[in-house]
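In case you want the letters, here they are:
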Amino acid sequence: MGINIPITKPYLGEEEKQLISKVIDSGWVSQGPKVAEFEKMFAEYVGAKYAIATTSCTTALHSALSVSGMGHGDEIIVPSLSFIATANSVVHCGATPVFVEIDPETCNINPDKIESAITKKTKAIMPVHQMGLPAEIDSIREIANRHGLKVIEDAACAIASEYKGKRIGGHGNIACFSFHPRKMITTGEGGMITTDDCNIAERLRRFRHHGMSISDIERHKADKVIIESYPEIGYNYRMTDIQGAMGIAQLKKLPFILERRRQIAGFYNKALSEIRHIRVPKIPDHIYHNYQSYWIEILVSSPVSRDAIMERLLDKGIATRRGIMAIHMERCYSKYRVFLPETERITKSTVILPLYPSMSDEEQRYVVQRIKEVLQ
Ligand SMILES: Cc1ncc(COP(=O)(O)O)c(C=O)c1O
């Protein structure tokens with residue numbers, strides 16, 4: 001058969017190798033000047049005052065929730081239709097996730113369903129920009145302001161996406177991003193938190209560095225002995241300079257990556273909307289989508305089940321993934337009994353298709369053609 005189309009392929013090359021090898025030559029491979037440079041570039045790119053790098057988006061979320069004061073007895077509103085790390089990060093800081101229904105059009109938390117989930121214990125709303133498509137931040141913030149709640153964005157997939165003309169991360173809330181290889185840009189593993197609040201930024205820097213009062217780089221540069229102190233308990237959530245260098249190279253490629261993803265999604269949108277039994281994503285006018293993931297819904301009219309379609313595509317050399325999981329349906333969250341019919345329908349009926357910057361026209365046509373055959 002000879003064709004093998006993966007779900008994604010990170011866009012890496014010589015630029016990453018060169019920057020990484022310079023870091024190795026420098027001898028400073030733990031967190032240092034390259035992470036600081038990457039943070040500065042990232043903050044400028046999204047339009048936030050500060051960016052703080054971490055080891056993953058999961059640890060970014062844990063840090064953001066913790067320094068925002070979330071802990072035992074607190075409730076945090078999240079969508080269930082998300083990767084499990086969204087809810088895990090809430091549990092990691094001792095709080096309780098409260099799962100809220102999505103809008104099936106966008107697969108994002110439905111603002112109309114948030115208010116009825118707010119109790120005296122609610123402390124924050126954590127919208128997820130699912131698959132890169134921004135959630136309704138303005139309505140969510142309006143509800144949060146009315147009830148005195150914080151908004152912390154799970155922006156794992158949303159690097160370069162825009163809401164009402166402004167990039168995610170630049171809307172004044174704390175936002176957490178991922179650099180896992182399935183995301184827009186990668187550092188192998190890695191995360192970033194953006195904020196406009198200098199106090200929060202300072203506390204996040206300490207939190208990721210064992211709660212220590214001074215960073216390694218500050219101590220290294222000092223011309224006198226500095227004895228550090230530990231004003232609060234922290235973690236080791238430090239990104240390395242090897243990853244920082246990779247992030248810098250990746251960020252420079254982001255405009256190209258974004259353009260390619262949008263071109264390929266444009267092709268899918270057109271070609272797949274002509275096939276019966278499929279629903280393609282519909283993007284609201286005020287949203288600029290990065291297409292970090294491209295999903296389709298298999299309608300109930302389909303003669304073939306979602307799972308059988310995935311099996312048949314795999315037989316033809318095409319990797320797919322089930323749509324986003326529903327966290328409340330997993331065994332480890334079985335004590336959180338909620339009924340979310342739209343979430344349950346969407347998780348069972350959607351498929352994520354291959355999409356990566358180096359995907360050729362032939363590969364794109366091959367995917368569409370095979371889907372057409374399977375559904376006939
Ligand atoms: C919505 C969402 N939140 C959080 C995460 C966790 O990101 P990381 O793998 O960087 O910890 C992911 C990763 O897939 C995600 O999709």
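Residues numbered from 1 in each chain as written. Predicted model: local features only at pLDDT ≥ 70, side-chain atom pairs only at ≥ 80, totals over all residues. Heavy atoms only, no water.

This part covers unusual backbone geometry. Glycine aside, a negative phi is what most residues show, and trans is what most peptide bonds show. Its identity is not glycine, yet M131 carries a phi of approximately 55 degrees, on the positive side. By secondary structure assignment, the location of M131 is in the loop between β6 (122–125) and α5 (137–147). (Helix = DSSP H or I, 4+ residues; strand = E, 2+ residues; numbered from the N terminus.)

Let us look at the pattern of salt bridges. Scanning the model with the defined rule gives 20 salt bridges in all. The partner of E16 in a salt bridge is K253, and the shortest N-O contact between them spans 2.8 Å. Here E16 is found in helix α1 (residues 14–26), whereas its partner K253 is found in helix α8 (residues 241–273), with 237 residues between them in sequence. For E16, a relative accessible area of 3% puts it in the buried group. Among the residues examined, K253 registers a relative accessible area of 12% and is labelled buried. Within the structure, one salt-bridge network assembled from shared partners comprises E202, R203, R206 and E232. (Salt bridge = Lys/Arg side-chain N within 4 Å of Asp/Glu carboxyl O. Buried < 20%, exposed > 50% of the residue type's maximum accessible area, 1.4 Å probe, protein only.)

Between its first and last C-alpha, α8 extends 44 Å over 33 residues, near the 48 Å set by a 1.5 Å rise per residue. A maximum bend of about 50 degrees is found in α8 at K253, where proline P255 lies one to four positions downstream. (Expected span 1.5 Å × (residues − 1). Bend = angle between axes of the 7 residues up to and from the residue.)

Attention now goes to the sheet that holds strand β12 (residues 278–279). Across the sheet, four strands lie side by side as β12-β14-β16-β15; this open sheet has antiparallel pairing. The sheet is open, and its two edges are formed by β12 and β15 (321–322), each paired on a single side. Pairing of β15 with strand β16 (residues 350–353), which is carried by two bridges, proceeds in the antiparallel orientation. Counted as the bridge partner of R321 is I352 from β16. (Pairing = 2+ DSSP bridges.)

The domains assigned to the protein are domain 1 (14–252) and domain 2 (254–375). Its C-alpha centre places domain 1 at a distance of 26 Å from the equivalent point of domain 2. Here domain 1 meets domain 2 over a buried area of about 3400 Å², counting both sides, of which 64% is carbon and sulfur. In terms of surface lost to domain 2, no three residues of domain 1 exceed F99, M131 and M184, which account for 21% of the buried area on that side. Taken together, domain 1 and domain 2 are joined by zero salt bridges. Counting the contacts that link domain 1 with domain 2 gives 17 residue pairs in polar contact (both at pLDDT 80 or more). Classifying every residue of the side of domain 1 that touches domain 2 by side-chain character gives 24 nonpolar, 11 polar and eight charged. (Domains from an automatic or database assignment. Buried area = accessible area lost by both parts, 1.4 Å probe. Polar contact = N/O pair within 3.5 Å; in protein donor to acceptor, adjacent residues only side chain to side chain. Nonpolar A, V, L, I, M, F, W, Y, C, P; charged D, E, K, R; others polar.)

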